[in-house]
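Structure assessment
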Amino acid sequence: MASDMTQISHQKLLIIDFGSQVTQLIARRLRELNIYCEIHPFNKVTSAFLTEFDPKAVIFSGGPASVIDENSPRPPIEVFDLGVPILGICYGQQVMMQMLGGKVERGHGTAEFGRAFVAPSAKKLPLLDGWFEADKEQVWMSHGDHVSAIADGFEVYGTSPNAPFAITADTKRNFFAVQFHPEVHHTPNGAKLYENFVKLAGFTGDWTMGLYREQAIATIREQVGDKKVICGLSGGVDSSVAAVLIHEAIGDQLTCVFVDHGLLRQGESDEVVAMFRDNYNIQLIHADEQELFLGELDGQSDPETKRKIIGSLFIDVFQKYANQIEGAEFLAQGTLYPDVIESVSFSGGPSVTIKSHHNVGGLPEKMGLKLVEPLRELFKDEVRALGRELGLPASFIGRHPFPGPGLAIRCPGEITREKLDILRKADAVYIDQIRKHNLYDEIWQAFVAILPVRTVGVMGDGRTYDFACALRAVTSVDGMTADYYPFTHEFLGETATRIINEVEGINRVTYDITSKPPGTIEWE
């Protein structure tokens, strides 16, 4: 999973993944501390891998398995001989204890799920500097099994009602183990624990976007040489940052292809084209393919069918324009680290596909081009930081995420030009309202969905029979989970009035208060 970028010297921390749903959050907490880290599935971490990766510290993630079961996930025993600090979390604590001579047992009334409180032992531990300033610390537990006996050399530094070994450590070897999850927000002081751990490991925080920018430019130049690169520009933050970074590295060897499929927001096409042509002087092909996309989508209502049509047409159109660029040998993509992680099964076997990523494989193989993926090691917030480093406008960097299929998935049912026009106008009013109330930066994503139903209304003493729409606004850290934004009733009432008054074709406005899960952020 490592790219050429990691070959440049960094202090590196290895996260061994045992299948926790929140392993990515560990990496995010560390990146926020300017620590370079990578997540690798336990079955890919061999003795040879450890030697090559040469981590300065190791973290064992949580996971759904039981260490008591036969063939349960384990790290290589050699990890304990590296002479570096190790932190085990939840399942990571249990597997550490089991492998080093301790004991783990089934629940028997000691399971804990959700909020719990850990009290300190009498002894002090540098890992816990800044903890227990009150009598206890709130943490988030999620375990059925529990440690019933700790391994030789370990001592207890924190307990909870159902976890007598909630915090343990072997200070001579710098091995630490906690039963709770410090990476989640429900452990309010968890970030401090990670900060203490990396300090104990001797990290200096050498992972900065300024340094990454310099190294990425050098890597791109070495990889591309004097060949040409094409970049599929969606207008989103990821592809835009990738394009500006690559252009800084190789200049006119880069050509961007912006496919306007007729499913963009109001004024978006002009905004993207102007930013790249006027501000960055990047060679840009503006491919106006609205007729093609909307023609193929005519009469289609199934969401998966719509997605497949859009995906297939995008590849065909992109290929058409790529063929016009003589000497193009590389395809640039805005692939992010979460895309890479989600495309790898931690167990090495079949896993449920929550989200497929065309930009992690498939597309380049069909086109016969080599990949340039300068953002492959970054999380979304790091991409925004790199964008600021590159001088992209703050208003552009801070834009809410916008899906590849565009308004097609905010238009449940059949797509028509009429519905798209109505949707664009309603969405523009909604976003204008959010900006006027200074709420835009508090919200992860906000948009309008036009519903596949008409409703009866009364306007100016006359009967109307127009579309209903749903407003959606969510808060989130990374888009993996989300909750609805708690607008005031005054804001919702004012916004509904504006939409109905200013957008012909809508006579009813609703607000979607579904969290993710069980819903998704988008409607399709």
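The preceding data block contains the structure.
Summarised in this report is the structure supplied together with it.

Cut-offs used in this document
- Residues numbered from 1 in each chain as written.
- Predicted model: local features only at pLDDT ≥ 70, side-chain atom pairs only at ≥ 80, totals over all residues.
- Heavy atoms only, no water.
- Helix = DSSP H or I, 4+ residues; strand = E, 2+ residues; numbered from the N terminus.
- Rg over C-alpha atoms; globule rule 2.2 N^0.38 Å.
- Contact = heavy atoms within 4.5 Å.
- Areas by Shrake-Rupley, 256 points an atom, 1.4 Å probe, with all protein chains shown as cover.
- Lys, Arg positive; Asp, Glu negative; His and termini not counted.
- Charge placed at Lys NZ, Arg CZ, Asp CG, Glu CD.
- Buried < 20%, exposed > 50% of the residue type's maximum accessible area, 1.4 Å probe, protein only.
- Pairing = 2+ DSSP bridges.
- Right-handed = clockwise from strand over helix to strand, strands pointing away.
- Polar contact = N/O pair within 3.5 Å; in protein donor to acceptor, adjacent residues only side chain to side chain.
- Axes fitted to C-alpha atoms, helices over the stretch in contact; angles between N-to-C directions.
- Parallel < 35°, antiparallel > 145°, perpendicular 65-115°, else oblique.
- Left-handed = near helix turned anticlockwise from the far one by under 90°.
- Nonpolar A, V, L, I, M, F, W, Y, C, P; charged D, E, K, R; others polar.
- Salt bridge = Lys/Arg side-chain N within 4 Å of Asp/Glu carboxyl O.
- Disulfide = S-S within 2.5 Å.

Let us now look at the overall build of the protein chain. A tally of regular secondary structure across the protein chain gives 15 helices and 20 strands. Against the 2.2 N^0.38 benchmark of 24 Å for 524 residues, the protein chain shows a C-alpha radius of gyration of 26 Å, consistent with a compact globule. With the principal axes as the frame, the protein chain shows a C-alpha extent of 80 × 65 × 40 Å. In the protein chain, of all internal contacts separated by at least 6 residues, the share reaching a separation of at least 24 is 76%. A total of about 22900 Å² of accessible surface is found on the protein chain, and carbon and sulfur atoms cover 49% of it. Computed over 48 positive and 70 negative side-chain charges, the separation of the two mean positions in the protein chain equals 1 Å.

Burial within strand 2 (residues 36–41) is extensive, with six of its six residues counted as buried. Of the two faces of strand 2, both are covered, the one formed by Y36, E38 and H40 as well as the one formed by C37, I39 and P41. Pairing analysis gives six bridges linking strand 1 (residues 12–17) to strand 2, with the strands arranged parallel. By the bridge assignment for strand 2, L13 is matched with C37. Assessed by its sense of winding, the connection that carries the chain from strand 1 through helix 1 (residues 23–32) to strand 2 is right-handed.

A separate point is the side chain of Q179. Looking at where Q179 falls in the secondary structure, it is placed in the loop between strand 11 (175–178) and helix 4 (190–200). On the accessibility criterion, Q179 (2% relative accessible area) is buried. In this structure the side chain of Q179 is engaged in a polar contact, spanning 3.3 Å, whose partner is the side chain of Q94.

Here the focus is the packing of helix 8 (residues 290–297) against helix 9 (residues 303–322). Orientation of helix 8 relative to helix 9, taken along the N-to-C sense of each, is 150 degrees, at an axis distance of 10 Å. Judged by the inter-axis angle, helix 8 sits roughly antiparallel to helix 9. Where helix 8 crosses over helix 9, the handedness of that crossing is right-handed. Contacts from L292, F293, E296 and L297 of helix 8 reach helix 9 at K306, I309, I310, L313, F314 and V317. Residue classes in the contact of helix 8 with helix 9 are distributed as eight nonpolar, no polar and two charged.

Here we come to the pattern of salt bridges. Counted under the stated rule, the structure contains 25 salt bridges. Its salt-bridge partner being R29, residue E32 comes within 3.5 Å of it at the nearest N-O pair. Of this pair, E32 and R29 both sit in helix 1, three residues apart, roughly one helical turn. Residue classification places E32 among the partly exposed positions, given a relative accessible area of 45%. R29 gets classed as buried once you look at its relative accessible area, which sits at 9%. The closest approach of N and O atoms between R376 and E373, which form a salt bridge, is 2.7 Å. The exposure class assigned to E373 is buried, which follows from its relative accessible area of 16%. If you follow the salt bridges from partner to partner, you end up with D432, K436, R498 and E502 in one network.

The next subject is the state of the cysteines. Covalently bonding the sulfur atom of one cysteine to the sulfur atom of another cysteine gives a disulfide. In this structure the tally under the stated criterion is zero disulfides. With no disulfide of its own, C37 lies 19 Å from the sulfur of C90, the closest cysteine sulfur.

In short, shape yes, function no, at least from these values alone.
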